[in-house]
Amino acid sequence: MRYWSGKKQRRNFKGFHHPREFENPFFKKKGSFSSSRRGIRLKIDFLLSFLVISGWVYFLFFSPYFSVIDIAVSGNKKLTKKNFDDYLTQNYNKNIFFLNIAKISSGLTDNFILKGVNIEKIYPRSLAVTVIERHPEYAVFYEKYLYLMDGEGIVFKELKDLSSFYGASSTPGSADLFKEYEDLKSGYPFLMFSALARGGPAPGDNNRGAEIYKQKFLSELKKTYGAEKISADFKIKYITIKGGNDPQITVTLFNNVELYFDLDLDVQTQIDYLQILYAEKLNKIINDLKYIDLRFGKKIYYK
């Protein structure tokens, strides 16, 4: 009996396979089920990952858990939280991650003429707003209005409209203006501007926060108040600033004597020379004088 080997079967009969290689039609090839299972597992993993990421996105950016419900304001002295509410309330119920801190800060400084603002996000639902207010150091008269100005030369508040004083041809005198200033009881040194020095913009409703004088200039100007230490005769009533780039400073005393200072020279030295002359001569005639000119060093002119 002739035996047919597997090799001959494969060689002599195309398509006939060895029994060990014969595939049962009711079963898949080896490994095909595992590949299918891996595909299903990948789809499930992708779906789960998508659901988890979507859940986190919703939780962080759309759920009410991160909506702002509290805004605390600190550092304010003159202004109250109620003053800020009209501007800050628009940020309530907004997602804390989407809030533009820089935009909120600039809005506050523009609306309230603050010196500085710091805003901190306190997760999950709060903001901490710290403001630095501008503190008035001068009461300023210019262009029919009284304003408050800080030591940096920034006008930030209108005190009073004096336009009613001006008729078709009339201009209020210094005495009238000073009375209006006194009635306000602001307690700040009173400056009168006949023309703006240093080429700065005029104060007004449309440019609150404008720098009308350089801080260095005002720092020197404030030193003129050192004259009050000489004697009660040198109590300052107000200061008038005339001129543009080279302003003339006139300090008017309560006895109506005018002092002329040069702020480009050392102010304290001018006061020291005034004190010497006052002790020697002026103490007896001070109330009869019209002016004392201190702009020429040791040579002091008076009349």
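A few points on the structure.

Each value, and the rule that gives it
Residues numbered from 1 in each chain as written. Predicted model: local features only at pLDDT ≥ 70, side-chain atom pairs only at ≥ 80, totals over all residues. Heavy atoms only, no water. Helix = DSSP H or I, 4+ residues; strand = E, 2+ residues; numbered from the N terminus. Buried < 20%, exposed > 50% of the residue type's maximum accessible area, 1.4 Å probe, protein only. Contact = heavy atoms within 4.5 Å. Areas by Shrake-Rupley, 256 points an atom, 1.4 Å probe, with all protein chains shown as cover. Polar contact = N/O pair within 3.5 Å; in protein donor to acceptor, adjacent residues only side chain to side chain. Pairing = 2+ DSSP bridges. Axes fitted to C-alpha atoms, helices over the stretch in contact; angles between N-to-C directions. Parallel < 35°, antiparallel > 145°, perpendicular 65-115°, else oblique. Left-handed = near helix turned anticlockwise from the far one by under 90°. Nonpolar A, V, L, I, M, F, W, Y, C, P; charged D, E, K, R; others polar. Arc of directions from axis to C-beta. Phe/Tyr/Trp six-rings, centres within 6.5 Å; stacked < 30°, edge-to-face > 60°. Core = buried A, V, L, I, M, F, W, Y, C linked by side-chain atoms within 4.5 Å. Patch = residues over 30% accessible without salt bridge, like charges linked within 9 Å, V, L, I, M, F, W, Y side chains within 5 Å. Salt bridge = Lys/Arg side-chain N within 4 Å of Asp/Glu carboxyl O.

Some points on the overall build of the protein chain
Helix and strand counts for the protein chain stand at 7 helices and 12 strands. Relative to its 303 residues, the protein chain shows a buried fraction of 36%. Counting only contacts in the protein chain whose residues sit at least 6 apart along the sequence, the fraction spanning at least 24 positions is 50%. When the accessible area of the protein chain is evaluated, it comes to approximately 19400 Å², of which 54% is carbon and sulfur surface.

Observations concerning the side chain of Arg134
Looking at where Arg134 falls in the secondary structure, it is placed in the loop between β3 (126-132) and β4 (136-142). In this structure Arg134 comes out as buried when scored by relative accessible area, which is 16%. Here the side chain of Arg134 touches Asp150 through a polar contact of 2.6 Å, side chain to side chain.

Some details on the sheet that holds strand β1 (residues 70-74)
Judged by pairing direction, the sheet is mixed, and its 3 strands sit side by side in the order β1-β3-β2 without closing on themselves. On the outer flanks of this sheet lie β1 and β2 (116-122), each paired with one strand and no other. Going across the sheet, the axis of each strand differs from the next one's by a mean of 15°, ignoring polarity. Strand direction decides the pairing type here: β2 and β3, joined by 7 bridges, are antiparallel. Counterpart to Glu120 in the pairing with β3 is Ala128. Contacting β1 and β3, helix α3 (residues 81-88) crosses the sheet at an angle of about 135° to β1. Its contacts with the sheet place helix α4 (residues 101-112) against β2 and β3, and it is angled at close to 145° to β2.

Re the packing of α3 against α4
Packing of α3 against α4 leaves a shortest axis separation of 11 Å and a crossing angle of 125°. When the axes of α3 and α4 are compared, the pair comes out oblique. Of the two elements, α3 crosses α4, and the hand of that crossing is right-handed. In this structure, α3 contributes Asn83, Phe84, Tyr87 and Leu88 to the contact, and α4 contributes Lys103, Ile104, Gly107, Leu108, Asn111 and Phe112. Looking at the contact of α3 with α4 residue by residue, the classes come out as 6 nonpolar, 3 polar and 1 charged.

Describing helix α6 (residues 215-223)
Of the positions making up α6, those classed as buried are Phe217, Leu218, Glu220 and Leu221. Looking straight down α6, one finds its buried side chains confined to an arc of 160°; they lie on one side. Taken together, the buried residues of α6 touch β4, β5 (145-150), β7 (190-193), β8 (236-242), β9 (248-253) and α7 (267-280).

Considering the packing of aromatic side chains
All told, the structure shown has 5 aromatic pairs when counted by the stated rule. Aromatic side chains Tyr260 and Tyr291 sit 5.5 Å apart centroid to centroid with 20° between the ring planes, which places their arrangement in the stacked category. Taken together, the residues Tyr260 in strand β10 (residues 258-261) and Tyr291 in strand β11 (residues 291-293) connect sequence positions 31 residues apart. Accessibility expressed as a relative area gives 14% for Tyr260, which makes it buried. Taking the relative accessible area as the measure of exposure, Tyr291 reaches 23% and is therefore partly exposed.

A look at the sheet that holds β9
An order of β6-β5-β4-β7-β8-β9-β10-β11-β12 is seen for the 9 strands of this open sheet, with the pairing classed as mixed. Strands at the two margins of the open sheet, each flanked by one partner only, are β6 (155-161) and β12 (301-302). The sheet contact formed by β10 and β11 spans 3 bridges and is parallel. Looking across to β11, one finds that Leu259 is bridged to Ile292. Each of β10, β11 and β12 touches α7; the most contacted strand, β10, lies at about 140° to it.

Comments concerning the nonpolar core
The nonpolar side chains of a soluble globular protein tend to be buried with one another. Core analysis: the biggest nonpolar cluster contains 36 residues, and Phe234, Ile239, Leu259 and Ile292 have the highest contact counts within it. Secondary structure elements with two or more residues in this core: β4, β5, β7, α6, β8, β9, β10 and α7. It is α7 that provides the largest number of residues to this core, a total of 5 residues. Discounting chain neighbours no more than four positions away, the residues touching Leu259 are Ala227, Phe234, Ile249, Thr250, Val251, Leu253, Leu274 and Ile292. Formed by 17 residues, the second largest nonpolar core is a distinct cluster that contains Val68, Ile96, Leu127 and Val129.

So, a nonpolar patch on the surface
On the surface, Ile40, Ile44, Phe46, Leu47, Leu48, Phe50 and Leu51 cluster together into a nonpolar patch covering about 740 Å² of accessible area. For Ile44, a relative accessible area of 44% translates into the label partly exposed.

A closer look at unusual backbone geometry
Residue Tyr123 is joined to Pro124 through a cis peptide bond whose omega torsion reads 10°. Its place among the elements puts Pro124 in the loop between β2 and β3. With a phi close to 70°, Asn256 is a non-glycine residue in the positive phi region. Mapped onto the secondary structure, Asn256 falls in the loop between β9 and β10.

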